[in-house]
Amino acid sequence: MPRHYLFTSESVTEGHPDKICDQISDTILDALLAEDSTSRVAAEVVVNTGLVLITGEITSQAHVNYVNLVRRKLTEIGYTNADNGFSAGSCAVLVALDEQSPDISQGVTTAQETRETSSEDQLDAIGAGDQGIMFGFACNETPEFMPLPISLAHRVSRRLAAVRKTGQLPYLYPDGKTQVTIAYEDNKPVAIDTILISTQHAAAIGEITDEAAVQAKIKSDLWDAVVLPVFTDIELKPTEATRFLVNPTGKFVIGGPQGDAGLTGRKIIVDTYGGYSRHGGGAFSGKDPTKVDRSAAYAARYVAKNIVAAGLAEKCEVQLSYAIGVARPVSILVETFGTGKIDDDRLLELVKAHFELRPAGIIETFNLRKLPGLRNGRFYQDVAAYGHFGRPDLDLPWEQTDKVAEMQAAVQGLLSSARS
């Protein structure tokens, strides 16, 4: 019998308290790498009413003004009104930073392979900045090879921010969350079940002051200005059966850091696949690329996306694991959930042969220390909101499908050998 089920993913806008922290952390990373590409960075940020706290461990020759970076980023996000309880111009910015532990640094600077085996391979030179597990995922549900629920949730969030920033809906404030529920049948998306938008807003809209009337106006405006434009180029569209929920509590006037404290790294499912795939638990933002929580997760996505883009599977999940101070992955796993064109074990051997998964190799492959965007002072901060994967609005190196032809040829070689 056909299996019917619902699957939901959420996104948040750039003004969400946790996302503010992610963006500030990555703004700091961008600034440090732009001046010193060897910077070791673990920048953590906390926000609350009228307060930004920068903490963590940073070792760098760069000289940056952290306070100015914070105020510029908050202004860009849209926190410029002190009446909103949090403003770029009036918030306090506290800085409490240490340097990276020398115990960690020695393992990153000189990997175990170099120390114990005298390897002369330059890609063995850098050890993983921590132990841990990372997952990458891709599927053929969308052109960007992402699950449809998270793809749509991000689109709605980006559009929600856009209509605020352009002044199309001037009564909106920066904080917001979105959620999209998709109906599946036999693992294929067949309907838009529910769209949820919670958005911070002014208490009154023009002369409309009644709470119920304000919410009715917001709901109508969001449908016309946010939802409908998002679905113009999407084959699957909302219908009369689609539930549309807006600010279900009845209002959302107090928001941002005044409404909730924020922390770096607290939206790891929003950053990745919306819960559709497993997650290793490590956050991305504020971490330089020697931290495999970030760089190896990008590499795992790159592997999975190229496998699916090559037509070798309909969906693919890649797990990597690392030991601190060791360059080569401890383990690699490829899972295609029964959709692979060849056996997963054979696919794993091809991954090992055609993808570089040591930290130094990942950094080199994606140019993670000297990305073109860093010449303009920004790169990582641009993926700190609206997802690190499946970003058609950004030219991300780990989103390239340049291994497709190579993987297809390798599979054809395997199949030819098997037939002979």
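Scroll up for the structure.
Residues numbered from 1 in each chain as written. Predicted model: local features only at pLDDT ≥ 70, side-chain atom pairs only at ≥ 80, totals over all residues. Heavy atoms only, no water.

(A) Structural view of the overall build of the protein chain. A count of helices and strands for the protein chain gives 13 helices and 11 strands. Radius of gyration (C-alpha) of the protein chain: 23 Å, near the 22 Å computed for a compact globule of 420 residues. Across its three principal directions, the C-alpha atoms of the protein chain cover 75 × 60 × 30 Å. (Helix = DSSP H or I, 4+ residues; strand = E, 2+ residues; numbered from the N terminus. Rg over C-alpha atoms; globule rule 2.2 N^0.38 Å.)

(B) Main features of the pairing of strand β3 (residues 51-59). Residues V52, I54, G56 and I58 line the buried face of β3, whereas the alternating positions L51, L53, T55, E57 and T59 sit on a face that is not buried. As judged from the nine bridges shared by strand β2 (residues 40-48) and β3, these two strands associate in the antiparallel manner. In the strand pairing of β3, N48 is matched with L51. Connecting β2 to the antiparallel partner β3 that follows it, the hairpin turn spans two residues, and G50 within it adopts a positive phi of roughly 70 degrees. Relative to strand β4 (residues 92-98), β3 is paired through seven bridges, and the arrangement is parallel. Of the residues in β4, the one forming a bridge with L51 is A92. On the question of chirality, the crossover connecting β3 to the parallel β4 by way of helix α2 (residues 66-77) is right-handed. (Buried < 20%, exposed > 50% of the residue type's maximum accessible area, 1.4 Å probe, protein only. Pairing = 2+ DSSP bridges. Right-handed = clockwise from strand over helix to strand, strands pointing away.)

(C) How the structure looks around the sheet that holds β2. As summarised here, the arrangement of the four strands in space is β4-β3-β2-β9, forming an open sheet in which the pairing is mixed. Because the sheet does not close on itself, it has two edges, and the strands there are β4 and β9 (262-263). Where β2 meets β9, two bridges bridge the pair, whose relative direction is antiparallel. Within the sheet, the bridge partner assigned to V47 lies in β9 and is G262.

(D) Focus on the packing of helix α9 (residues 292-309) against helix α11 (residues 359-366). Contact pair α9 / α11: the axes reach a minimum separation of 10 Å and the direction vectors enclose 65 degrees. Here α9 runs over α11; the crossing is left-handed. Every residue of α11 that contacts α9 at V292, S295, A296, Y298, A299 and Y302 is listed here: P359, I362 and F366. Partitioned by chemical class, the residues of the contact of α9 with α11 number eight nonpolar, one polar and no charged. (Axes fitted to C-alpha atoms, helices over the stretch in contact; angles between N-to-C directions. Left-handed = near helix turned anticlockwise from the far one by under 90°. Contact = heavy atoms within 4.5 Å. Nonpolar A, V, L, I, M, F, W, Y, C, P; charged D, E, K, R; others polar.)

(E) How the structure looks around the pattern of salt bridges. In total, this model carries 24 salt bridges according to the counting rule given. Between R294 and D26 there is a salt bridge, and its shortest N-O distance comes to 2.9 Å. With R294 in helix α9 and D26 in helix α1 (residues 17-35), this pair connects stretches of sequence that are 268 residues apart. Exposure remark for D26: the relative accessible area of 0% places this residue in the buried category. E356 is the salt-bridge partner of R358, the closest N and O atoms lying 2.9 Å from each other. The exposure class assigned to R358 is buried, which follows from its relative accessible area of 7%. Several salt bridges share partner residues, and in doing so they unite K73, E76, R378 and D382 into one network. (Salt bridge = Lys/Arg side-chain N within 4 Å of Asp/Glu carboxyl O.)

(F) View of unusual backbone geometry. The phi angle at N367 is positive, at roughly 55 degrees, despite the residue not being glycine. Residue placement: N367 occurs in the loop between α11 and α12 (380-383). One non-glycine residue, Y386, lies in positive phi territory at about 75 degrees. Within the secondary structure, Y386 is located in the loop between α12 and α13 (404-419).

(G) Expanded view of the packing of aromatic side chains. Taken as a whole and judged by the stated rule, the model has 17 aromatic pairs. Look at F366 and W398: their rings are 6.4 Å apart centre to centre, the planes differ by 70 degrees, and that puts the pair in the edge-to-face class. Of this pair, F366 sits in helix α11 while W398 sits in the loop between α12 and α13, placing them 32 residues apart in sequence. The class of W398 is buried, set by a relative accessible area of 0%. Taking 6.0 Å as the distance between ring centres and 90 degrees as the angle between the ring planes, the aromatic pair formed by F379 and W398 counts as edge-to-face. Within this pair, whereas F379 is found in the loop between α11 and α12, its partner W398 is found in the loop between α12 and α13, the two being separated by 19 residues in sequence. Judged on exposure class, the residue F379 and its partner W398 are both buried. (Phe/Tyr/Trp six-rings, centres within 6.5 Å; stacked < 30°, edge-to-face > 60°.)

(H) Molecular detail of the packing of α1 against α2. Running from N to C, α1 and α2 cross one another at 130 degrees; their axes reach a closest spacing of 10 Å. Comparing the axis directions of α1 and α2 gives the class oblique. Judged by the sense of rotation from one axis to the other, the crossing of α1 with α2 is right-handed. Between α1, through I20, Q23, I24, T27, I28, A31 and L32, and α2, the contact on the second element is made entirely by Y66, L69, V70, K73, L74 and I77. Here the residues of the contact of α1 with α2 are counted per class, giving 10 nonpolar, two polar and one charged. (Parallel < 35°, antiparallel > 145°, perpendicular 65-115°, else oblique.)

(I) Examining the side chain of R369 more closely. Within the element layout of this structure, R369 appears in the loop between α11 and α12. Put simply, R369 is tucked away with no salt bridge, and the nearest opposite charge, on D288, sits 5.1 Å away. Here S37 takes part through its backbone oxygen, which lies 3.2 Å from a polar atom of the side chain of R369. (Lys, Arg positive; Asp, Glu negative; His and termini not counted. Polar contact = N/O pair within 3.5 Å; in protein donor to acceptor, adjacent residues only side chain to side chain.)

(J) Expanded view of the sheet that holds strand β8 (residues 243-246). If you trace the four strands from one edge of the open sheet to the other, you get β1-β6-β7-β8, paired in mixed fashion. The open sheet has two edge strands, β1 (4-12) and β8, and neither has a second partner. Strand-to-strand twist in this sheet, taken as the mean axis angle between neighbours without regard to direction, amounts to 15 degrees. Two strands pair when backbone bridges link them, and strand β7 (residues 188-201) and β8 are joined in this way by four bridges, in the parallel orientation. Bridge pairing in β8 links I197 to V246. Of the strands in this sheet, β6 (172-185), β7 and β8 touch helix α6 (residues 211-230), which is tilted by about 130 degrees from β7.

Take it as geometry only, folks, not as evidence of what the structure does.
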